[in-house]
Amino acid sequence: MQTKPHIWLRAETRMDEKRAPLTPQGAGRLIDAGFQVTVEHAPQRIFGAELYASAGCQSAPTGSWPHAEPATLILGLKALSESPSKLVHRHVYFAHAYKQQHGWQTLLKRFREGGGCLYDLEYLLDERKRRVAAFGYWAGFAGAGLAVLGWARQQQGHVPVLASMSSFHHKDTLLERLDVELRLAGKKPHMLVIGAKGRCGTGATELVGALGLKVTAWDMEETQQGGPFEAVMSRDICVNCVYIDAPSPPFITHAMLEQIPRTLSMICDVSCDPYSRYNPLPIYDRCTSFSDPCLRLMDGKTPLDLIAIDHLPSLLPRESSSDFAAQLFPHLCTLPDPGNPVWKGALDLFEQHAATL
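Cut-offs used in this document
- Residues numbered from 1 in each chain as written.
- Predicted model: local features only at pLDDT ≥ 70, side-chain atom pairs only at ≥ 80, totals over all residues.
- Heavy atoms only, no water.
- Helix = DSSP H or I, 4+ residues; strand = E, 2+ residues; numbered from the N terminus.
- Salt bridge = Lys/Arg side-chain N within 4 Å of Asp/Glu carboxyl O.
- Buried < 20%, exposed > 50% of the residue type's maximum accessible area, 1.4 Å probe, protein only.
- Pairing = 2+ DSSP bridges.
- Axes fitted to C-alpha atoms, helices over the stretch in contact; angles between N-to-C directions.
- Contact = heavy atoms within 4.5 Å.
- Core = buried A, V, L, I, M, F, W, Y, C linked by side-chain atoms within 4.5 Å.
- Phe/Tyr/Trp six-rings, centres within 6.5 Å; stacked < 30°, edge-to-face > 60°.
- Lys NZ or Arg CZ within 6 Å of the ring centre and 35° of its normal.

K.L.:
Quick rundown of unusual backbone geometry? Include the residues and the values.
P.N.:
Comment: phi is negative for the bulk of residues other than glycine, and the bulk of peptide bonds are trans. For the bond from Val159 to Pro160, the omega torsion is -5°, close enough to zero to count as cis. Residues Gly227 and Pro228 are joined by a peptide bond in cis, for which omega reads -5°. Structurally, Pro228 can be placed in the loop between helix H7 (220–223) and strand E9 (237–240).

Structure, rendered in structure tokens:
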């Protein structure tokens, strides 16, 4: 009989990252199934340490995962710390290393030199090549919400339009805040959601629907001829939810913004990949953050601001974590089986990219 692996839930390096890929309830179920689960101390995590302890998890200091036994599987969400220089463990997280993003070679070299491996959460795929676990819905919901909030405050004359943001305890709290800001703005925006039928787009359009706003929803049919799309300029808010992993004409260009009359004054790039050569919105070159949410792209009578936060679901950490963890849980349970196609496919992809170094 195969031994169940030791799963180590590490703390996130960003203090504004409150999400978790494993809930206390899920951890308890893994323990009941014979897994060992260790949880690092992380005061910002949406689920308190006492809940994991009550579920039977062992506790560990923040950032202590490098000292775990080499066979331990390290589970997280976002970027690793820069040390150790050699990674000996199996890691499960969003590494953003397979589209030649900044630092990808350094990261993969750390794995190769340490003998560890990466199971990138973005590339855990089922037999239809669809991700088995994704934050997409809540990324779209939160991104559309921040876009509406920024637009409403922009209409009120606030500069910057969004100051430092913190998470909302519940989605209803976010909707209540948006309703107040729209009333203060005295008008409502016409929104465009690109990629409306995907996970992100569904979340975005449902946020818009909950507020009773006018929305134009584009998907494959509307975008298949390729950009740029001048019609984007005639909407108040554009929310981009399209994931692109191959060369494609951009949706918006600098020339369009400078030459075409527009009502567009707020963009939220939910897909948020400014460091990729495939970025469909090559009008900005860095991500924003919850501490500094908006980039002012253009001033003047109709200013243009852009939101590009790469961990948008952290705006609603409780809902997004519970949803994502529920999707991932059945696959964590299969970890003793090295031939499982979800994990084997992710490992094959890691080895393919590591071999290019």
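K.L.:
I'd like a description of the pattern of salt bridges, backed by residues and values.
P.N.:
Taken as a whole, this structure holds 12 salt bridges when the rule is applied. Where Arg10 meets Glu12, a salt bridge forms, and the shortest distance between an N and an O atom there is 3.8 Å. The same class applies to Arg10 and to Glu12, which are both buried. We note a salt bridge from Asp310 to Arg14, for which the minimum N-O separation is 2.8 Å. Highlighted residues: Asp310 in the loop between strand E12 (304–307) and helix H9 (317–332) and Arg14 in the loop between strand E1 (6–9) and helix H1 (24–32), separated in sequence by 296 residues. Assessed through its relative accessible area of 31%, Arg14 is described here as partly exposed. In this structure, a network of salt bridges that share partners links the residues Arg153, Arg177 and Glu181.

K.L.:
An account of the sheet that holds strand E7 (residues 190–194) is needed here, citing residue identities and associated values.
P.N.:
Pairing in this open sheet of 6 strands is mixed, and the strands run E8-E7-E9-E10-E12-E11 from one edge to the other. The two strands at the open ends of the sheet, each matched to only one other strand, are strand E8 (214–218) and strand E11 (294–298). Taken over all neighbouring pairs, the strand axes of this sheet differ in orientation by 20° on average, direction set aside. By the bridge criterion, 4 bridges tie E9 to strand E10 (residues 266–269) in an arrangement that is parallel. Residue Val239 lies in a different strand from E10, and its bridge partner there is Cys268. On the sheet, helix H6 (residues 199–211) packs against E7, E8 and E9 and is oriented at approximately 165° with respect to E7.

K.L.:
For the nonpolar core, give the residues involved together with the corresponding values.
P.N.:
By size, the foremost hydrophobic cluster in this structure holds 51 residues, and its most contacted members are Leu75 and Leu124. Considering each element in turn, this core owes the most residues, 5 residues, to helix H10 (residues 341–354). Not counting residues up to four positions away in its chain, the partners in contact with Leu124 are Tyr119, Arg130, Arg131, Val132, Leu328, Val342, Trp343 and Ala346. Ranked by size, the runner-up nonpolar core spans 42 residues in total, among them Phe168, Ala204, Leu207 and Val270.

K.L.:
Residue-level account of the packing of aromatic side chains, with values.
P.N.:
Per the stated rule, a full pass over the model turns up 11 aromatic pairs. Here the aromatic rings of Tyr119 and Trp343 are separated by 5.4 Å at their centres, their planes lie at 85°, and the arrangement is edge-to-face. Residue Tyr119 is located in strand E6 (residues 117–120), and its partner Trp343 is located in helix H10; the two are separated by 224 residues in the primary sequence. A residue is classified by how much of its surface remains accessible, and Tyr119, at 9% relative accessible area, is buried. Note on Phe135 and Phe324: the rings are 4.1 Å apart at their centroids and 0° apart in plane angle, and the pair reads as stacked. Of the two residues, Phe135 sits in the loop between E6 and helix H4 (136–155) while Phe324 sits in helix H9, which places them 189 residues apart along the sequence. Note on Phe135: relative accessible area 6%, which makes it buried. One Lys or Arg, Arg10, reaches over the ring of Tyr93 and ends 5.2 Å from the middle of that ring. Geometry around Phe135 places Arg19 over its ring, the cationic atom sitting 4.3 Å from the centre.

Treat this as a map of the structure, not an account of what it does.
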